[in-house]
Amino acid sequence: MQADGPRACRFGRRWYLNNESWHPSVPPFGEMKCILCWCVSGETHCQRQECPPAACASPARRDNPCCAKCRSECSPKRPAVARAPPWPP
């Protein structure tokens, strides 16, 4: 016997429709904003939000709690370069 249509997914105590997406709630942590789950034909798929690497020494998570970003006052990571004295002396 074949199903009439796409199947729903169960995650924890909740059911989600086919193609529906959500942030899972995992006790005792609560809603996991950095993880996205979705339902595809009765199968639940989840993935953590991918974040680009921060290009500074002290990134912060102010605007986006999932991904660290450089603050404007944060200087980019660059190797220190010794500068030669001005020529002629």
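All values derive from a computational prediction rather than experimental measurement.

Engineer: Help me understand the packing of aromatic side chains in this model?
Structural biologist: Two aromatic rings, taken as a pair, are described by how far apart their centres are and by the angle between their planes. According to the stated counting rule, one finds two aromatic pairs in the structure shown. Following the ring pairs from residue to residue traces out a cluster consisting of F11, Y16 and W22.

Engineer: Sorry if this is basic, but what is going on with the sheet that holds strand β6 (residues 35-40) here?
Structural biologist: Strand pairing in a sheet is mediated by backbone hydrogen bonds. Such pairs are either parallel or antiparallel. One open sheet holds the three strands; their spatial order is β3-β6-β7, and the pairing between them is antiparallel. Among the strands making up the open sheet, the edge pair consists of β3 (21-22) and β7 (43-48).

Engineer: I tried to follow the state of the cysteines on my own but got confused; where do I start?
Structural biologist: According to the stated counting rule, one finds five disulfides in the structure shown. At a sulfur-sulfur separation of 1.9 Å, the disulfide partner of C37 is C46. Disulfide C37 to C46: torsion about the S-S bond roughly 105 degrees, handedness right-handed. Here the disulfide map of the chain reads 1-4, 2-8, 3-5, 6-9, 7-10, the bonded cysteines being numbered as they appear in the sequence.

Engineer: Help me understand the nonpolar core, please; the structure alone is not making it clear to me.
Structural biologist: Buried together is how nonpolar side chains tend to be arranged in soluble globular proteins. Within the largest apolar cluster, six residues are counted, these being C9, Y16, W22, I35, C37 and C39. Not counting residues up to four positions away in its chain, the partners in contact with C39 are R7, A8, C9, Y16, L17, N18, N19, E20 and W22.

Engineer: Please clarify how the pairing of β6 should be interpreted in this entry.
Structural biologist: Judged by which residues are buried, β6 turns out to be one-sided: I35, C37 and C39 face inward and are buried, whereas L36, W38 and V40, on the alternate face, are not. Bridge count for β3 against β6 is two bridges, and the pairing is antiparallel. Directly across from W22, in β6, lies its bridge partner C37. Pairing analysis gives six bridges linking β6 to β7, with the strands arranged antiparallel. Within β7, the position partnered with I35 by the bridge is R48. Connecting the antiparallel pair β6 and β7 is a turn made up of two residues, with S41 showing a positive phi of about 50 degrees.

Conventions and cut-offs
- Residues numbered from 1 in each chain as written.
- Predicted model: local features only at pLDDT ≥ 70, side-chain atom pairs only at ≥ 80, totals over all residues.
- Heavy atoms only, no water.
- Phe/Tyr/Trp six-rings, centres within 6.5 Å; stacked < 30°, edge-to-face > 60°.
- Pairing = 2+ DSSP bridges.
- Helix = DSSP H or I, 4+ residues; strand = E, 2+ residues; numbered from the N terminus.
- Disulfide = S-S within 2.5 Å.
- Core = buried A, V, L, I, M, F, W, Y, C linked by side-chain atoms within 4.5 Å.
- Buried < 20%, exposed > 50% of the residue type's maximum accessible area, 1.4 Å probe, protein only.
- Contact = heavy atoms within 4.5 Å.

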